[in-house]
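Survey of secondary and tertiary structure
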Amino acid sequence: MRYIDSASRNTSDVLGDWLASFNPQAVDALRWQTGYFSADGLAPLVPVLNELKAQDRLTNCVIGSNGGETGEPDIEALVNLVGNPRTNAKIGVVSFSAGLFHPKVYHFTRQDGSQAAYVGSANLTTPGISGMNIEAGLLLDSSAGDPANVLTDVAAAIDAWFNGTRPGLSTVSSLADLAPLVAAGILGVAPTPRTTQSSSTNSGAATSKVRLKPLITFPPVSVKSSTAPSAAPPAVTPPAAAPSVPTGAATAT
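Residues numbered from 1 in each chain as written. Predicted model: local features only at pLDDT ≥ 70, side-chain atom pairs only at ≥ 80, totals over all residues. Heavy atoms only, no water.

**Focus on the overall build of the protein chain**
The criterion, for reference: Secondary structure is summarised from DSSP: a helix means a run of H or I of at least four residues, a strand means a run of E of at least two, and numbering begins at the N terminus for each. Each residue gets one of three labels from its accessible area relative to the maximum for its type: buried under 20%, exposed over 50%, partly exposed in between, using a 1.4 Å probe on protein chains only. Residues count as neighbours in contact if any of their non-hydrogen atoms are within 4.5 Å of one another. Only the protein chains shown count as cover for residues, with accessible areas throughout obtained via the Shrake-Rupley method and a probe of 1.4 Å.
Of regular secondary structure, the protein chain possesses seven helices and 12 strands. Residues classed as buried in the protein chain amount to 52% of the 253 residues present. In the protein chain, 77% of the contacts between residues at least 6 apart in sequence involve partners at least 24 apart. Surface summary for the protein chain: the accessible area is close to 10800 Å², and the carbon and sulfur share equals 54%.

**Overview of the sheet that holds strand E4 (residues 89-94)**
For the record, the criterion: Should DSSP find at least two bridges between two strands, the strands are regarded as paired. Convention adopted: a line fitted to C-alpha atoms gives each axis, helices being fitted over their contacting stretch, and angles between N-to-C directions are expressed from 0 to 180 degrees.
Within the open sheet, the eight strands sit side by side as E1-E7-E6-E5-E2-E3-E4-E8. Their pairing is mixed. Edge positions in the open sheet fall to strand E1 (2-5) and strand E8 (169-171), since each of these has one partner strand only. Taken pair by pair, the neighbouring strands of this sheet meet at an average axis angle of 15°, ignoring direction. Bridge count between strand E2 (residues 27-34) and strand E3 (residues 58-64): six bridges; the pairing is parallel. The residue of E3 that forms the bridge with Gln 33 is Val 62.

**Structural notes on the nonpolar core**
How we decide: The set of buried Ala, Val, Leu, Ile, Met, Phe, Trp, Tyr and Cys residues whose side-chain atoms join them within 4.5 Å is what this entry labels a nonpolar core.
Grouped together as the largest cluster of nonpolar side chains are 43 residues, with contacts concentrated most on Trp 18, Leu 19, Trp 32, Ile 75, Leu 78, Phe 108 and Leu 124. Sorting elements by how many residues they give to this core places helix H3 (residues 72-82) first, with five residues. Apart from residues no more than four positions distant in its own chain, Ile 75 is found in contact with Phe 37, Ile 63, Thr 70, Val 93, Val 172, Leu 178 and Leu 187. Of all hydrophobic cores here, the second largest spans 12 residues; its members include Val 62, Leu 140, Leu 151 and Leu 169.

**A short note on the side chain of Asn 84**
You can see Asn 84 is positioned in the loop between H3 and E4. Given a relative accessible area of 7%, Asn 84 falls into the buried group.

**Examining H3**
In terms of residue burial, H3 counts as a mostly covered element, since 10 of its 11 residues are buried. Looking one or two residues past H3, Gly 83 carries a phi angle of roughly 95°, positive in sign.

**A look at the pairing of strand E7 (residues 136-141)**
When a strand is regular, its side chains alternate between the sheet's two faces. By the bridge criterion, four bridges tie E1 to E7 in an arrangement that is antiparallel. Paired with Asp 5 across the two strands is Ala 136, which belongs to E7. The pairing of strand E6 (residues 115-120) with E7 spans five bridges and is classified as antiparallel. Opposite Gly 120, over in E7, you have Gly 137 as the bridge partner.

**Quick look at the confidence of the model for the protein chain**
Put simply, the rule is: The predictor attaches a confidence to each residue, and that confidence, scored 0 to 100, is pLDDT.
In the predicted model, the protein chain carries a mean pLDDT of 87, and 81% of its residues have values of at least 70. Overall, residues 226-252 carries pLDDT values under 50, and its contacts beyond four positions in sequence, including any with other chains, amount to 56 contacts.

**Some words on empty space enclosed by the protein**
Just so we agree on the cut-off: A pocket here means an open set of points on a 1 Å grid, computed over the protein atoms alone, that has protein on both sides within 12 Å along at least five of seven lines. A cavity is instead a set of points where a 1.4 Å probe fits but cannot get out; residues with an atom within 4 Å of a point line either one. Grid points are joined across faces, edges and corners, and a volume is the space filled by probe spheres set on the points. Polar here means any residue other than Ala, Val, Leu, Ile, Met, Phe, Trp, Tyr, Cys and Pro, which are nonpolar, and Asp, Glu, Lys and Arg, which are charged; Gly is therefore polar.
Enumeration according to the criterion identifies one cavity of 30 Å³ or more in this entry. Taken as a whole, the largest cavity holds about 50 Å³ of empty space. Lining the largest cavity, in full, are Ile 4, Ser 6, Asp 13, Val 14, Leu 15, Tyr 118, Ala 122, Gly 128, Gly 131, Asn 133, Glu 135 and Ala 136. Split by residue class, the lining of the largest cavity holds six nonpolar, four polar and two charged.

**Quick word on the side chain of Asn 123**
This is how it is decided: Here a polar contact means two N or O atoms within 3.5 Å. Within protein one must be a hydrogen donor candidate and the other an acceptor candidate, and residues neighboring in sequence count only if both atoms are side-chain atoms.
By secondary structure assignment, the location of Asn 123 is in the loop between E6 and helix H4 (126-130). In this structure Asn 123 comes out as buried when scored by relative accessible area, which is 2%. Within the structure, Asn 123 has its side chain in polar contact with the side chain of Thr 34 (distance 3.4 Å). A polar atom in the side chain of Asn 123 sits 3.3 Å from the backbone nitrogen of Gly 35.

Now the structure itself:
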């Protein structure tokens, strides 16, 4: 077990560094649940997602759309990367009229049966994966001696969203499922803006605050749809120049 905290300003304490550390050929299954999501947060997972899609291995994703903030293009990018519809992939969008879907949990099962997970504060967004935000969490790994039963519980909690019917959950089996979610107000029309902004209304006060910059940047992610060739695919471009961000950042990132 290892505690990571990006307040250290070390890249080894950033979620994106851990996500990018997995050998795609060694991963047998990927599960996650994240309270806030944008397609740019997928960047460190692209090699693993491509391999899982090619081999039709388990990929279970539970995404929050609190207040309908998650954009349709973000979920379209996820559908295309995961490869839905396919047998061993499930995507769920969770949205409530009151209360938030707020977990941040990522779980890998390796081909050798070992398991690893992150449980903490970082969402699957650019600020969450890059160290732009101060985030903290625990890393567990059965190959390092952490209890396998705890890691199994983490995986089971994510899978449970797809066992039966849960209030607030909308499943996305293909791109055809997205338009009804937009019509219902569960998804937004535009991509989710996930650049962190100051919560201060006093611009003078905001400029005097210490500013954070990303610790990691990832190459652009190009997502092309094979099922909807006429649609313009979203391009994910994490910030290369690292825009400065106040420490009083909004929490919905």
